[in-house]
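Geometric and topological summary
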Amino acid sequence: MITFEGAAKIYPDGTVAVAHLDLTVESGRTTVFVGPSGSGKTTSLRMINRMVEPTHGTIRVDGVDIRDQDPALLRRSIGYVIQQAGLFPHRTILDNIATVPMLLGWRRGKARARAAELMELVGLEPAQAKRYPHQLSGGQQQRVGVARALAADPPILLMDEPFSAVDPVVRTSLQDELLRLQQELHKTIVFVTHDIDEAVRLGDRIAVYRPGGELAQYDTPERLLAEPVDEFVESFVGYDRGVRRLSFFPASELSLRQDVVFDAEDRVERARDAVVSDGEPWALVVDERRAPLGWVGARQLTEAPAGVTLGSLELAPFGHVFHVANDSLRAALDAAVLSPAGRAVGVDTDGSVLGVVSQADLGTAIWSVSE
Ligand SMILES: Nc1ncnc2c1ncn2[C@@H]1O[C@H](COP(=O)(O)OP(=O)(O)OP(=O)(O)O)[C@@H](O)[C@H]1O
Ligand SMILES: [Mg+2]
């Protein structure tokens, strides 16, 4: 647990980097500091490992005032990852990762074995061990940065915009890796970002800073999106927060319709009787493994000659599906909005159709969780 008790940093020139911070970072969780540029995020982070000394207040790690700890020892017990990874250019990847264990006095062989283990953990190829940082992509360098920070197995990991210099696709995969690692390692992670989506994705708790080095709100992502405390936080989390909040509700609770799903081998009459007479505008056609093929409209069903199979009609694309077991209401809504039928197709882990849900039914489900 890391506690800030009235912590502040005011520079001699009068700049208030952090005005007054009372905050508890829970152990084994990911806490994200988010806020506009210059709002004191990096300063707060660097006060934890004494790279910046607070001018006021106290910071404790597991109850111990960090002023009572040797800064060099404290820093070695806290992993630190920065943007652009900050690797040593003239050391190999393996030796970059082995840096802290070596500083801690490990034998070279043991430190390198540990480094090799960590390369695997963060998803780097063994062949990259002997390369130098400039021979890796930006995303790979960030992985090395994470591996290096984890090398001595510190309980705390400080990460300052570690993924902001890579493209959005690599960034998402680095976020996925971090989520996976954290499920395994349960570190106390403090993560700084500008990006509210990244914060919501990674954080168990989010601290939103406002200009002037003040904490505007400290909450779970869900509460932050549901109840921003003021206009500043509301504009910072974005006006589409309502839709983003849907990512906290599982799609598995939606009731899916199966009566509008038909086999490609079925004849039009069958769908016509069940769908058109029921006032349903669309039927979904699936193959023999129940994988979706596409939509057929009521008008097509009415006009098609008797006896033809549904699979022989021209089908409208089913768009993208949502995974009933793992996806959220947000994914289901997205699938419905993008579907030409205005209906989302829910599938099982093997891709077989479990049923469909209309925008109207989604609206009802969303309304009930928003209460
Ligand atoms: N050594 C210094 N002397 C004076 N002012 C400083 C010093 N270091 C930082 N500051 C100021 O403190 C404020 C907070 O800086 P900090 O780096 O913590 O912001 P940040 O939230 O991390 O911003 P960014 O998102 O741009 O990284 C800024 O106004 C900055 O200019
Ligand atoms: Mg910063």
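So, how was this worked out
- Residues numbered from 1 in each chain as written.
- Chains lettered and ligands numbered in written order.
- Predicted model: local features only at pLDDT ≥ 70, side-chain atom pairs only at ≥ 80, totals over all residues.
- Helix = DSSP H or I, 4+ residues; strand = E, 2+ residues; numbered from the N terminus.
- Rg over C-alpha atoms; globule rule 2.2 N^0.38 Å.
- Buried ≥ 20, exposed ≤ 12 C-beta atoms within 10 Å, placed from the backbone.
- Core = buried A, V, L, I, M, F, W, Y, C linked by C-beta atoms within 7 Å.
- Contact = placed C-beta atoms within 7 Å.
- Near = placed C-beta within 6 Å.
- Nonpolar A, V, L, I, M, F, W, Y, C, P; charged D, E, K, R; others polar.
- Axes fitted to C-alpha atoms, helices over the stretch in contact; angles between N-to-C directions.
- Parallel < 35°, antiparallel > 145°, perpendicular 65-115°, else oblique.
- Left-handed = near helix turned anticlockwise from the far one by under 90°.
- Domains from an automatic or database assignment.
- Expected span 1.5 Å × (residues − 1).
- Arc of directions from axis to C-beta.

**Remarks on the overall build of the protein chain**
- Within the protein chain, the regular secondary structure consists of 15 helices and 16 strands.
- Compactness check: the protein chain gives a C-alpha radius of gyration of 26 Å against a globular reference of 21 Å for 371 residues, more than 25% above the reference.
- Projected onto its principal axes, the C-alpha coordinates of the protein chain cover approximately 85 × 50 × 30 Å.
- Counting only residues that meet the buried cut, the protein chain has 39% of its 371 residues in that class.

**Digging into the nonpolar core**
- Within the largest apolar cluster, 63 residues are counted, with the highest numbers of intra-cluster contacts made by Ile97, Ala147, Ala151 and Leu158.
- The biggest single contributor to this core is helix H6 (residues 138–150), with five residues.
- Beyond its immediate chain neighbours, meaning those up to four positions away, Ile97 contacts Ala115, Leu118, Met119, Val144, Ala147, Arg148 and Ala151.
- With 40 residues, the next largest nonpolar core counts Val286, Ala331, Ala341 and Val345 among its residues.

**As for the environment of Leu118**
- Mapping Leu118 onto the fold places it in helix H5 (residues 108–121).
- The spatial distance from the C-alpha of Leu118 to the C-alpha of Ala291 is 40 Å, given a sequence separation of 173 residues.
- Look past the residues within four positions of Leu118 in its chain and what remains in contact with it is Ile97, Ala147, Leu150 and Ala151.

**What to know about the environment of Gly311**
- As for its position among the elements, Gly311 is in the loop between helix H13 (298–303) and strand S14 (322–323).
- Gly311 sits in the partly exposed class, given 18 other C-beta atoms within 10 Å.
- Separated by 278 residues in the primary sequence, Gly311 and Phe33 have C-alpha atoms spaced 53 Å apart.
- Sequence-distant contacts of Gly311, defined by excluding residues within four places in its chain, comprise Ala264, Glu265, Val285 and Leu293.

**Section: the site of ligand 1**
- Around ligand 1 lies a shell of 13 residues, among which Ala17, Ser37, Lys41, Thr42 and Thr43 are the nearest.
- Examining the composition of the shell around ligand 1, we find that three residues originate from one element, helix H1 (residues 41–48), more than from any other.
- In terms of residue class, the shell around ligand 1 is made up of two nonpolar, nine polar and two charged.

**Thoughts on the packing of helix H14 (residues 329–338) against helix H15 (residues 359–370)**
- H15 packs onto H14 with a crossing angle of 155° between their chain directions and a minimal axis gap of 10 Å. Judged on the interaxial angle alone, H15 and H14 are roughly antiparallel. Crossing of H14 over H15 shows left-handed handedness. Residues Leu329, Ala332, Leu333 and Ala336 of H14 lie in contact with H15, whose contacting residues are Gln359, Leu362, Ala365, Ile366 and Val369.
- Looking at side-chain class alone, the contact of H14 with H15 contains eight nonpolar, one polar and no charged residues.

**Quick word on the environment of Leu333**
- Among the secondary structure elements, Leu333 is positioned in helix H14.
- Look at Leu333 and you get buried, because 22 C-beta atoms sit within 10 Å.
- When sequence neighbours within four positions are dropped, the list of residues in contact with Leu333 reads Leu246 and Leu362.

**Considerations on the domain arrangement of the protein chain**
- Each assigned domain of the protein chain is listed here: domain 1 (2–248) and domain 2 (251–370).
- Using only C-alpha atoms to locate each centre, domain 1 and domain 2 end up separated by 43 Å.
- Taken together, the residues of the side of domain 1 that touches domain 2 sort by class into three nonpolar, one polar and one charged.

**Let's talk about unusual backbone geometry**
- Here the phi dihedral of Arg50 falls at roughly 65°; this positive angle occurs in a residue that is not glycine.
- Here Arg50 shows up in the loop between H1 and strand S4 (56–61).
- The phi torsion at Asp62 lies on the positive side, around 50°, for a residue other than glycine.
- Relative to the helices and strands, Asp62 is located in the loop between S4 and strand S5 (64–65).
- Among the residues examined, Asp62 registers 11 C-beta atoms within 10 Å and is labelled exposed.

**Considering H5**
- Over its 14 residues, H5 runs 20 Å from end to end, which matches the ideal 20 Å to within 8%, given 1.5 Å per residue.
- Taken as a whole, H5 has its buried residues at Ala111, Arg114, Ala115, Leu118 and Met119. Mapping the buried residues of H5 onto a view down its axis gives an arc of 145°, with all of them on the same face. Of the residues in H5, the exposed ones pointing more than 90 degrees away from the buried face are Gly109, Lys110 and Glu120.
- In this structure, the buried side of H5 is in contact with helix H3 (93–97), helix H4 (99–103) and H6.
- Downstream of H5 by one or two residues, Gly123 has phi in the positive range, about 80°.

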